[in-house]
Amino acid sequence: MKIETSEKLKKLPPYLFIEIDRKKKEAIERGADIISLGVGDPDMPTPKHIVEAGQKALAKPQNHQYPFGAGMLSFRKAVAGWYKKKFNVDLNPDNEVCALIGSKEGIGHMHLAFVNPGDVVLIPEPGYPVYNTGTIFTDGIPYFMPLLEKNGFLPDLDAIPEDVAKKAKIIFVNYPNNPTAAIAPKEFYVKLIQFAKKYNIIVAYDNAYSEIYYDENEKTMSFLEFEGAKEVGVEFHSLSKTYNMTGWRLGWVCGNKDIVAAIAKVKDNYDSGVFQAVQEAGITALTSSQECVEEMRKMYKARRDALCDGLNALGWNVTKPKASFYVWAKVPKGYKSSEVVAKLLDECAIVCTPGNGMGKSGEGYVRFALTVPVPRIKEALARIKNCKF
Ligand SMILES: *Cc1c(COP(=O)(O)O)cnc(C)c1O
């Protein structure tokens, strides 16, 4: 029998990071000593106290049943408490928070709650691929907002044509940004909320990297800190990057209660909630000492400095990011992103992400994830030095 997939599935490009992972595995099979700066997956284990909380919760029979619903009230309360402490934002745990099986799940499913065929979805590019995947699956029309260095890697909201804005249903926004590592200034949030109100567009703010910043004076923010935010949008959060919990699959969406309820309704019909043992581990992560997060920031900062200083010493032109664990590096003159990625893999056994793989405005850049220890970064730099650009 010939198995024919749907047109929508055919429309999807291969998931970028699965492709990169495949190439990496091929190189490892050839015997290469690969240094992987590709996928944004923390290399460090989940902190011990969180693992132990998960182990205890795993043994409880009441956690072995369908979790259902928007998450345990205790988890939603932990989220609300964390928001209050971190951002001074008030959230009602009863109806303004919904647990997710990782924020990717909620971001991907959100479209089902709001997008009708032909509706426009405003998507930053380069950007996290899932914003567009959900759009394709719902027959929405993606409108890509280029993130350019000359605009501080912010979308130019004034450049969005009036007719597009009028047809738009959702705008995705992500700062600290993957892949450009940019953060957004306060003025941008104010403008974003005005824009959303004017055109009746839901703001979907992806804040997966809020805890990875390097300067106490330029702390990252929550979109929900700004006046009027809760009227127009929600914020997606994840325990993946903050607590090295990518494998656990735990995140949440919070903010506008009608938007949260609509996403929760989709989830009720698609999955049956987040494993409660995982939610209990999440409660421990959010409510216990945040020293592990402080340590993580220090660790990434040392890696960032090693990589950026090292590349600049080799004649690259790299700006140190203020947040996220990515370095968005301009490629050496005369090269395309894909050429640099291929050269680094073939000649240096270094894996990184081509900027244009995350959107066409990423051409001319490669993304390095700071997911290996400093000695390996130094080894990578030594290899790059020996490989002529
Ligand atoms: C890693 C990441 C996420 C979080 O994914 P999870 O599904 O929570 O693991 C969300 N958005 C962006 C931009 C990311 O890079």
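Every value quoted in this text rests on a predicted model; they were computed, and no experiment measured them.

Asker: Residues and numbers for the overall build of the chain, please.
Answerer: Of regular secondary structure, the chain possesses 14 helices and twelve strands. Relative to the globule expectation of 21 Å for 389 residues, the C-alpha radius of gyration of the chain, 21 Å, shows essentially globular dimensions. On the principal axes, the C-alpha backbone points of the chain span a range of 60 × 60 × 55 Å. A buried classification covers 56% of the 389 residues belonging to the chain. Taking as baseline every contact in the chain between residues at least 6 positions apart, the subset at least 24 positions apart corresponds to 75%. Per element, the accessible surface of the chain, about 17600 Å² overall, is 53% carbon and sulfur.

Asker: So what's going on with the packing of helix α5 (residues 103–114) against helix α6 (residues 130–137)? Residues and values would help.
Answerer: Contact geometry for α5 and α6: axes closest at 7 Å, N-to-C directions at 35°. α6 is crossed by α5, and the crossing has right-handed handedness. Of the residues in α6, those touching α5 at K104, I107, G108 and H111 are V130, Y131, G134 and T135.

Asker: I'd like a description of the site of the ligand, backed by residues and values.
Answerer: Near the ligand you find 14 residues, and of these D206, Y209, S238, S240 and K241 are the closest. At 2.6 Å, a side-chain N or O of S240 approaches an oxygen atom of the ligand. Residue composition of the shell around the ligand, grouped by class: four nonpolar, six polar and four charged.

Asker: Tell me what's going on with the sheet that holds strand β12 (residues 365–369), and back it up with residues and numbers.
Answerer: Spatially, β9-β12-β11 is the arrangement adopted by the three strands of the open sheet, whose pairing is antiparallel. Looking at which strands have only one partner, the edges of the open sheet turn out to be β9 (326–330) and β11 (353–354). Note that β9 and β12 share five bridges and pair antiparallel. Counted as the bridge partner of Y326 is A369 from β12.

Asker: A description of the domain arrangement of the chain should follow, citing residues and the corresponding values.
Answerer: Domain parsing of the chain yields domain 1 (7–45 + 291–387) and domain 2 (48–287). Contacts between domain 1 and domain 2 engage 35 residues on the former and 39 residues on the latter. Buried area between domain 1 and domain 2, summed over both chains or domains, comes out near 3200 Å², and the portion from carbon and sulfur atoms is 61%. Its largest share of buried area at the contact with domain 2, domain 1 owes to R297, K322 and M358, together 19% of the area lost on that side. Where domain 1 packs against domain 2, one counts two salt bridges. K8 is the salt-bridge partner of D139, the closest N and O atoms lying 3.5 Å from each other. Linking domain 1 with domain 2 are 15 residue pairs in polar contact (both at pLDDT 80 or more). Broken down by secondary-structure element, the contributors of at least two residues to the side of domain 1 that touches domain 2 are α1 (7–11), α12 (291–313), β9 and β12. No other element matches the eight residues that α12 contributes to the side of domain 1 that touches domain 2.

Asker: I'd like to hear about the pattern of salt bridges, residue by residue, with values.
Answerer: In total, this model carries 27 salt bridges according to the counting rule given. We note a salt bridge from E4 to K2, for which the minimum N-O separation is 2.8 Å. Judged by its relative accessible area of 69%, K2 falls in the exposed class. As a salt-bridge pair, E231 and K197 come within 3.8 Å of each other at their nearest N and O atoms. On the criterion of sequence distance, the pair formed by E231 in helix α9 (residues 229–232) and K197 in helix α8 (residues 186–199) is long-range, its members being 34 residues apart. Its relative accessible area of 59% is what places E231 among the exposed residues.

Asker: Before we move on, can you summarise the sheet that holds strand β7 (residues 233–238) with the specific residues and values?
Answerer: Pairing in this open sheet of seven strands is mixed, and the strands run β2-β8-β7-β6-β5-β3-β4 from one edge to the other. Looking along the sheet, the strands with just one partner apiece sit at the ends: β2 (97–100) and β4 (141–146). Here the average twist between neighbouring strands, direction ignored, is 20°. With four bridges joining them, β2 and strand β8 (residues 251–255) adopt antiparallel strand pairing. Bridge assignment links A99 to a residue of β8, and that residue is W252. Sheet strands touched by helix α4 (residues 73–87): β2, β7 and β8. Its angle to β8, the strand with the most contacts, is close to 65°.

What counts, and where the lines are drawn
Residues numbered from 1 in each chain as written. Predicted model: local features only at pLDDT ≥ 70, side-chain atom pairs only at ≥ 80, totals over all residues. Heavy atoms only, no water. Helix = DSSP H or I, 4+ residues; strand = E, 2+ residues; numbered from the N terminus. Rg over C-alpha atoms; globule rule 2.2 N^0.38 Å. Buried < 20%, exposed > 50% of the residue type's maximum accessible area, 1.4 Å probe, protein only. Contact = heavy atoms within 4.5 Å. Areas by Shrake-Rupley, 256 points an atom, 1.4 Å probe, with all protein chains shown as cover. Axes fitted to C-alpha atoms, helices over the stretch in contact; angles between N-to-C directions. Left-handed = near helix turned anticlockwise from the far one by under 90°. Near = heavy atom within 4 Å. Polar contact = N/O pair within 3.5 Å; in protein donor to acceptor, adjacent residues only side chain to side chain. Nonpolar A, V, L, I, M, F, W, Y, C, P; charged D, E, K, R; others polar. Pairing = 2+ DSSP bridges. Domains from an automatic or database assignment. Buried area = accessible area lost by both parts, 1.4 Å probe. Salt bridge = Lys/Arg side-chain N within 4 Å of Asp/Glu carboxyl O.

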